[in-house]
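# Overview (structure and organization)
Now for the letters of each chain:
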Amino acid sequence: MGIVPDVFMISIVVNAHCREGRVDCAERFVEKMEGMGFEVNVVVYNALVGGYACKGDVGEAERVLGLMSKKGVERNVVTWTLLMKSYCRQGRLDEAERLLRRMEEDEVIFVDDRVYGMLVDGYCQVGKMDDAVRVRDEMLCVGLKVNVFVCNALVNGYCKHGRIGKAEEVFRGMLDWNVRPDCYTYNTLLDGYCREGRMSEALMLCEEMLREGIDPSVVTYNTVLKGLVDLGSYGDALSLWRSMLERDVVPNEVSFCTLLDCFFKMGDSDGAIKLWKEILGRGFTNSTVAFNTMIGGLCKMGKVVEAKVVFDRMKELGCSPDEITYRTLSDGYCKTGSVVEAFRIKDMMERQTISPSIEMYNSLIYGLFKSRKSSDVADLLVELQTRGLSPNTVTYGTLIHGWCNEGKLDKAFNLYFEMIERGFSPSLVICSKIVSSLYKNDKISEATVILDKMVDFDLLTVHKCSDKSVKNDFISLEAQRIADSLDKIAICNSLPNNIVYNIAIYGLGKSGKIDEARSVLSILLSRGFLPDNFTYGALIHACSAAGDVDGAFNLRNEMLERGLIPNITTYNALINGLSKLGNMERAQRLFRKLPQKGLAPNVVTYNILISGYCRIGDLNEASNLRQKMIEEGIS
C-alpha cells in the first residue's frame, strides 16, 4: 500500500508476539526489520527482554542485553527492571539485588519505585520477608514513596507464608503512607483469612470493602466461597452464591468448580448434576478443571460408572483429559475394587503418551491389595522403577498397610526398614497400622513395646510387661528393632493423635486388661481427649469377650450420653457377648431393635446369632436366621 512502517508499529508487532509467548518469533521479526534497513530502538528490545523475563528465561534475556550493547542501543531503567523481573521469577534474588546496586551506581539511570517494588515482590514470593521490609525501608530512605504495588506484595507475602498478623499491620498501615487499599489488597488478605479458616474476619473484611466503595470482584467471591466450603459451612456457601448472582457478579470457571465441589462434599449428587448441566450450558465444555472436578466428586461418592460417562462425554466434546483426569478415574476404580478397569484407564492414558505419576502407581497398588491380587504388586513395583519413578512415603505406607492386612508382617517389616534406609520418616499412621496388626495377631508384648514409644505415658507399666518380655523369634526381634528406630526419628517428638490413643486402649482390651484400659481412658479424658466410636467399640468388644455384658452395656450408655451413636460393629459386640453367655432371647431382642436404631444387620451379625443358636442346640432358629439372611441378600 506504500505505507512505510515505523519503529512504533514494529514495537506493537514484537509486543504481540511476546504476549503470546512466541518470543523467538518476535526476535526473528526484529532481525527481518533490521535486515530491511529499519532502525530498531530500546522500546523494541525492551519488549524482547520482557518476553523472555515473563518466561523466566534469564539466559535469553541476558543475551538480548548483549545484542543491545553490540548494536549501540542504550539500555534504560525499563530494561534493567525487566531483567530484574526475570531474576525474581527464577528466585535468583541475590543477582536481582546486585543488579539494583549497579543501577544505583549508574548516574544516568534514575531508580524509581517500580524497581524497588519488583525486588520487594521477589523477596515476598520466596518468603524472605525481612529482606522485603529492608528494601522497602531503603526505598523510603532515598525519598521514594511506598505505592500500592509494594503494599500488596508485602500483604501477599505475609499471607502466603501464614503470618496474617503482619499482613494486617501492613494493611492497616497503608493509610499512614497515603496509599488506599485496592480490590487486590482486600482479596489477598481475604485469601489469608480463608486459608486459616478465619471466616468471620473474612466476612467482616468484605463488609469493610463495601463501605470503602470497592466492589467485590468475582475473585473476591471465589476466595470466600472456597473458604466456606473448605470449612464445611456449606449453607453459608450457598447463601454467598445467591448473593453473588443478585449483585450481578458473573461466575467464572473457578466459581462453578468451587460450588460443584460444595455439592459433592454435601453428598448432594442431584444438586451437583443439575449444576453440571448448567456449567456445560454456559460453554465451559473445554474446561479440563471443570471435568476433573465433576469426575473427582463422583468418584469420591463411589459413583464410578457415572464418572466414566462424564469422562467419555469430555472426549466427545473435544476436551483433552490430562494426567489428573486419568489418575482420578483410575483411583475411583481402585477404591471400589475394580482394579481391572483402573489398569484399562492407565493403558488408555499411556496411548495418549501421558506417563503415569507415582500417585497413580500408589493408587494401583492399593487397588491390587483391595482386589486380593497382591501377587501382582511386585510386577507393578518393577514397572514403576523402570519408568524412573521412586517410591515415596505414600507408596511405602500403602505397601505396609496392604501386607499387614494380609497377615504378612515379615514383608511389612522389611518395607519399614527399607523406607528408613531411603531417608523417609514413618508416619504415625504407618506405625499405628503395624501396632494394630500385631495386636490382632495376638503379639501383645511386641505391639506394646512399639506403642510405648508413640504415646506420652508409660504404657509398658500399664500393660504390666517390659521390653525384656519380647521373645527371640523373627517378629519379636523385628518389633524391637522398630521400637529402637523410633528413638532416632521425629515421631517420638510429635503429639500422639486419637488413632494412637485408641490403639493403646484396643491393645489393653485385646490382652484382657479392661480395668487398665478404662484407667487409661480416664487419664486421657482429663487431658481433653475426645473418645469416638472406635474408643468405645474397643472397650465394649473387650468387655463382651470377657463375659462382662453389663459392663459392655454401661459403656454403650456412656457413649450415648456423650452424643456418640453406636454403629453396627458396636451392636455386634454386644450381641456377641449375650450369645456367648447363652442369653439368646436378649440377643434376639437387640437384633430386632436394630432397624429402629437406623442400623441394618450385616453378615457378622447373622453369623454371631447363628453360632449362638447352634451352641445351645436350637438348629431350627439357626436355620430361620440363615433363610432370612438369604432373603435380605446378605451372602
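In the block above lies the structure referred to throughout.
I will try to describe carefully the structure that is included in this document. A quick note: this is a predicted structure, and the numbers were derived from the prediction, not measured. (Residues numbered from 1 in each chain as written. Predicted model: local features only at pLDDT ≥ 70, side-chain atom pairs only at ≥ 80, totals over all residues. Heavy atoms only, no water.)

## A closer look at the nonpolar core
Inside soluble globular proteins, nonpolar side chains tend to come together where they are buried. Note the following rule: For this analysis, a nonpolar core means a set of buried residues of the types Ala, Val, Leu, Ile, Met, Phe, Trp, Tyr and Cys, connected via side-chain atoms within 4.5 Å. Note on classification: 1.4 Å probe, protein chains only; a residue is buried when its accessible area is under 20% of the maximum for its type, exposed when over 50%, partly exposed between these limits. Contact definition: two residues touch when any of their heavy atoms are within 4.5 Å.
Within the largest apolar cluster, 209 residues are counted, with the highest numbers of intra-cluster contacts made by Val14, Met84, Ile434, Ile450 and Leu451. For isoleucine 434, the residues in contact, after removing those within four places along its chain, are Ile400, Cys404, Phe413, Tyr416, Ile450 and Ile482.

## Thoughts on helix H25 (residues 428-440)
For the record, the criterion: Each helix is a run of H or I in the DSSP string that is no shorter than four residues. Each strand is a run of E no shorter than two, and both are numbered from the N terminus. One less than the residue count of a helix, multiplied by 1.5 Å, gives the span that helix is expected to have.
With 13 residues, H25 should reach 18 Å at 1.5 Å per residue; the first-to-last C-alpha distance of 18 Å fits that figure. Among the 13 residues that make up H25, 11 are buried, leaving the element largely enclosed by the rest of the structure. Downstream of H25 by a residue or two, aspartate 442 has a phi angle that is positive, lying close to 60°.

## Describing the side chain of threonine 258
When you line up the elements, threonine 258 lands in helix H15 (residues 253-266). Among all residues touching threonine 258, those that are not within four sequence positions of it are Leu225, Lys226 and Val229.

## Let's talk about the packing of aromatic side chains
Selection rule: Classification of ring pairs uses Phe, Tyr and Trp, with its six-membered ring standing for Trp, and accepts pairs whose centres are within 6.5 Å; under 30 degrees between planes counts as stacked, over 60 as edge-to-face, and the remaining range as tilted.
Overall, the coordinates contain 12 aromatic pairs when judged by the stated rule. Centre to centre, the rings of phenylalanine 369 and tryptophan 403 are 5.0 Å apart; their planes meet at 85°, and the pair counts as edge-to-face. Taken together, the residues phenylalanine 369 in helix H21 (residues 358-370) and tryptophan 403 in helix H23 (residues 393-405) connect sequence positions 34 residues apart. Pair check on accessibility: phenylalanine 369 and tryptophan 403 agree, each one buried. Arranged with centres 6.2 Å apart and planes meeting at 45°, the rings of tyrosine 506 and phenylalanine 534 form a pair that is tilted. Of the two residues, tyrosine 506 sits in helix H29 (residues 498-510) while phenylalanine 534 sits in helix H31 (residues 533-545), which places them 28 residues apart along the sequence. Overall, the relative accessible area of 17% leaves tyrosine 506 in the buried class. For phenylalanine 534, a relative accessible area of 45% gives the class partly exposed.

## Some thoughts on unusual backbone geometry
Its identity as a non-glycine residue notwithstanding, aspartate 248 has a phi of 60°, on the positive side. Topologically, aspartate 248 is positioned in the loop between helix H14 (234-246) and H15. You can call aspartate 248 exposed: its relative accessible area is 66%.

## Side note on the side chain of serine 579
Residue placement: serine 579 occurs in helix H33 (residues 568-580). According to the relative accessible area criterion, serine 579 is buried, its value standing at 2%.

## Looking at the pattern of salt bridges
Using the following cut-off: Any Lys or Arg side-chain nitrogen located within 4 Å of an Asp or Glu carboxyl oxygen qualifies as a salt bridge.
As enumerated under the stated definition, the model contains 34 salt bridges in all. Notably, a salt bridge pairs glutamate 95 with arginine 92, separated by 2.7 Å at the nearest N-O pair. A salt bridge links lysine 510 to aspartate 442, with the nearest nitrogen and oxygen atoms 3.6 Å apart. Separated by 68 residues along the polypeptide, lysine 510 in helix H29 and aspartate 442 in the loop between H25 and helix H26 (444-451) bring together distant segments of the chain. Given a relative accessible area of 35%, lysine 510 falls into the partly exposed group. Judged by relative accessible area, aspartate 442 falls into the exposed class, the value being 54%. Among the ionic contacts, a cluster of salt bridges with common partners joins Glu97, Arg101, Glu104, Asp131, Arg134 and Glu138.

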